[in-house]
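# Chain and residue survey
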Amino acid sequence: MSTNNPDDSDEAELSREEADELIDEIERRRSLKGLAALAVSAIGILFSLFQLILAAQSFYFTIPLPLVADIEVGLQLLQANAIHVAFALVLTFLMFPATMGEGVFSKRLGTAVDAAAARLGSANPVARVLDRLRSVARWAFVDPNRSRVTPFDVVCMGFAVLTALYFLTEFGEIRDMRVFGLESGRPVTGVYPFLEPVLGGVPFVSEFSYALLLGAIGIVLVLEATRRTLGLPLMIIVATFIVYARWGFLISSDTPFLGLLAIPRLTWPDIVQNLWYNTENGVFGIPVTVSVSFIYIFILFGSFLEMSGAGQWFIDLAYAATGKRKGGPAKASILASGFMGTISGSSIANTVTTGAFTIPLMKRSGYSPEFSGAVESSASSGGQILPPVMGAAAFLMVQYTATPFREIILLATVPAIVFFFGVWVMVHLKAVQEGIGGVESVETASMRDHLKRGWFYLVPIFLLLYYLIIERLSVSRSAWFTLVALVALITFIAAYSERTRTFLLGSLAVIAGADLLSFVVAGVPATGFLGGAGGAGIPLGEAAGIVVPRFGWYAMLAGVLTMLFYTDVQSALLDLNPTVQNAAETAGERAGRDLGKNQLFRTGTFVVKSMDEGARTAVPVVIAVAAAGIIPGVISVSGLGPNLTSLLLALSGGSIVIMLLVTAVASIILGMGMPTTVTYIILISMLATPLVEFGIPLLAAHLFILYFGVIADITPPVAVAAYAASGVAKSDPFQTGVKAFSLSLNKAIVPFAFVLAPGIVLLREKANAAELPLRERYRVVNFGDLAELSYSVPEILVPIAGVFLGVIALGATVIGTLYTDVNRRERAGFALSSLLLMAPALLSTSVFDLLGFVGVTVSVNALLLDLTLRGVGFVLFVALTLKNRRELGSTGETPDAASA
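A brief look at the structure comes next. (Residues numbered from 1 in each chain as written. Predicted model: local features only at pLDDT ≥ 70, side-chain atom pairs only at ≥ 80, totals over all residues. Heavy atoms only, no water.)

### Some thoughts on the overall build of the protein chain
Each helix and strand counted, the protein chain has 42 helices and four strands in total. The C-alpha radius of gyration of the protein chain comes to 30 Å, within 12% of the 29 Å expected for a compact globule of 900 residues. Projected onto its principal axes, the C-alpha positions of the protein chain cover 90 × 85 × 70 Å. A burial count over the protein chain gives 54% of its 900 residues as buried. Relative to all contacts within the protein chain whose residues are 6 or more apart in sequence, the contacts with residues 24 or more apart total 75%. As displayed, the protein chain has an accessible area near 38000 Å², and 64% of this comes from carbon and sulfur atoms. Taking the average location of the 58 positive side-chain charges in the protein chain and that of its 65 negative ones, the two points are 3 Å from each other. (Helix = DSSP H or I, 4+ residues; strand = E, 2+ residues; numbered from the N terminus. Rg over C-alpha atoms; globule rule 2.2 N^0.38 Å. Buried < 20%, exposed > 50% of the residue type's maximum accessible area, 1.4 Å probe, protein only. Contact = heavy atoms within 4.5 Å. Areas by Shrake-Rupley, 256 points an atom, 1.4 Å probe, with all protein chains shown as cover. Lys, Arg positive; Asp, Glu negative; His and termini not counted. Charge placed at Lys NZ, Arg CZ, Asp CG, Glu CD.)

### So, the packing of aromatic side chains
Tallied over the entire structure, the rule returns 37 aromatic pairs. Note on Phe47 and Tyr296: the rings are 4.6 Å apart at their centroids and 50° apart in plane angle, and the pair reads as tilted. Linking Phe47 in helix 2 (residues 34-57) with Tyr296 in helix 14 (residues 286-307), this pair joins segments that are 249 residues apart in sequence. In this structure Phe47 comes out as buried when scored by relative accessible area, which is 0%. The exposure class assigned to Tyr296 is buried, which follows from its relative accessible area of 1%. With 5.7 Å between their ring centres and 85° between their planes, Trp247 and Trp268 make a pair best called edge-to-face. One end of the pair, Trp247, is in helix 12 (residues 232-247); the other, Trp268, is in helix 13 (residues 268-276), with 21 residues separating them in the sequence. Here Trp268 falls in the partly exposed class, since its relative accessible area comes to 38%. Joined through ring pairs, the aromatic side chains of Trp313, Phe314, Trp455, Phe456 and Tyr457 make up one cluster. (Phe/Tyr/Trp six-rings, centres within 6.5 Å; stacked < 30°, edge-to-face > 60°.)

### Observations concerning the layout of surface pockets
The volume enclosed by the second largest pocket comes to roughly 810 Å³. Considering the residues around the second largest pocket, the lining is formed by 28 residues, among which Leu756, Pro758, Ala841, Ala862 and Leu863 are closest to the centre. At the level of secondary structure, the elements contributing two or more residues to the lining of the second largest pocket comprise helix 37 (745-756), strand 3 (763-765), helix 39 (789-815), helix 41 (840-853) and helix 42 (862-890). Each residue belonging to the lining of the second largest pocket can be placed in one class, and the counts come to 20 nonpolar, four polar and four charged. (1 Å grid on protein atoms, 1.4 Å probe; cavity = no way out; pocket = protein on both sides within 12 Å on 5 of 7 lines; lining within 4 Å. Points joined across faces, edges and corners; volume = space filled by probe spheres on them. Nonpolar A, V, L, I, M, F, W, Y, C, P; charged D, E, K, R; others polar.)

### Let's talk about helix 6 (residues 151-169)
Each α-helix turn comprises 3.6 residues. Residues three or four places apart therefore point the same way. Taking 1.5 Å per residue, 19 residues should reach 27 Å; helix 6 reaches 27 Å between its end C-alpha atoms and fits that length. For helix 6, every residue scored as buried is listed here: Asp153, Cys156, Met157, Ala160, Thr163, Ala164, Tyr166 and Phe167. Elements that come into contact with the buried residues of helix 6 comprise helix 3 (77-95), helix 7 (171-180), helix 11 (210-230) and helix 13. (Expected span 1.5 Å × (residues − 1).)

### Observations regarding the side chain of Gln51
In this fold, Gln51 is placed in helix 2. The buried category is assigned to Gln51, whose relative accessible area is 2%. If we ignore the near neighbours within four places in the chain, the residues touching Gln51 are His84, Val292 and Tyr296.

Okay, structure coming up:
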């Protein structure tokens, strides 16, 4: 085993603070202190509370006000979406600077002022005025150190709040304007009469309705928030679509090809109304609706899981499982990144958080810095495609395809396993090539001991699967129940020790028993009975059916009572995230008390900090879906969709291979530096329908786009995840990106495999498919389909076995090693066998398309040809593998050198 000096500073693990700083630098977040930091936390917690209320009670809920009265609240979908986006906008303007003074405009302004001072003299009145104006502009807009909130930010936050208030207070007027148009709304002075003396005579103000002005401002705010959080390129893309909606009518319908992009003339009121006051499309369309209903609560679930200490436990679990194997640190990195993908939907956060621990160990064991960073970024990017949680785009797929989330989980499982297996194979072959072993025994714990110490971290994940697949609950309800169970479990574990065990279990029994007895006697819970309510009792079985689902709340209460009684209790099992401990200690210092050791306070801090961190994580996602929703909004209001489909079908020449390649390249290019969610929304709006027109199953087409959007995170020259990994590994960013892309190459081939052989993602054509619309011709397979061997063997089992063998062949191609070194000719053979095993239809369809271009038509049995080509690939793979094994034996090495 190759080793380096463990004390080498270049290989030291990043501290949590350094990792957080690296993430903030990459994502250009502020590092705020004092009142501004408190404001971010307070608003973030309110945002999470709002979403938790929606998850628990939907849009109609009650806010209890002790000693006053309960407030009944009922929200329309548009109002809930507007509040959701307003929260994200306010947090964006707090957390992300408008400019750090590094932009072209800032530099040119500074240069112009300096040039004027040099020409006129610094004492010249004109130069002094210009310098003063520059100082005011910097004060108002520039935050060079990412450390202060500017006046411009405050103005933006004020308008963001105004947009939400208008939806809440004037929804009746909005509803009328959706029928009669925005021009029918009141002017600004009609909404705010006190402004009449000031603005009453201004033509612009009296000419347009307040709703139109506020809608236009809201869209601009979304664009500005997009620029801050996601970058200028995406803002330009979204703004271009808005410009196109207004002036696309200038395109002549007689222009070849481009004429298909001609649209009717639209006015600004038409555009604003459809982009701002609409829940079907636009800012508050389907993407934001999905964020309100699904995405945020799952982000919050991940945040609670991370703050509970599950992240580090999963990393340690991965090392316990694989650390001592050949190339153990890299294999552990793959497993840890997969586990963390359940917690974090961000490739960057996953890479830095996990990589801070795994990358130094990979380097120490003998992997190069570039390869170490590539492994981590490649595996971390796969978190968005790994069930059961996946990334935000998976929830959008639920809404866009009207498919239950449990079915999305089923169809995404095989490709995700294939991807992680493929990366595993490559790092193993690299370990064989370099002679890299595992880590020292002191760096790993036994699997048994590790599971005993943190088994409870697995409970929420299994519980989530139970609610989704067995109970078949909705996504939001499943997430809510799982989140309650997670908090209850952590509270219970926090209070548990040898000393408190009897009191804790006794409290739980008393609380649950009292509620059960109250239902049996009076038909109401114990709290209602004590308050004087009650009536006829209910049977014991029925009472038990009510009490059992509330068990999490009982456990929560029992844990709190125990920690109140035993103020010095320390859990023998729970190890909360260090962020929680730091927050508790900081709060204690400000209060002048030692609260960092108080278990109840630490548990309360865990809940509050989880809500805070969840909101911070969700902000870029919410802004992304709000901005990206503008694009399908423009396509809808302009009627562009059918014309765009016709254009793409014409450009592809009827070739499905060309259409798939165009989609793949567009996904990668558009996804460079952008969230996968945005890439997915934009491309399914433009490309999903053309793909389905070729006969590709709808779900497979959506998953194809999602996969290539994920690949963009590790594709040079941008490769944001690889860039983050290079910061941890202290490696060359471009080379890290190149290696990460090569390690993820199977992620680029597998999508072609499953769109051309849908059985890989467990999709089957319906018996009456010819009578159905294109979008409805396939369904997810069931046990009956699997039992039908004449179908399942050739169309499911053989293709799935082919992709698994294909990624092994691909690993030998990329790494250049199997049992021993592989020469160039053998690598070419492995590459061909990989293609034939994984996606033979890609090769055969390409040949048939070329023949079709020259007028030759070929008719074959597609399934028989597919099986034949896979058979050829298998024979070639076996032959090359046996040859390579014999070559290993001729060198005197043992064949088990390549065992994983």
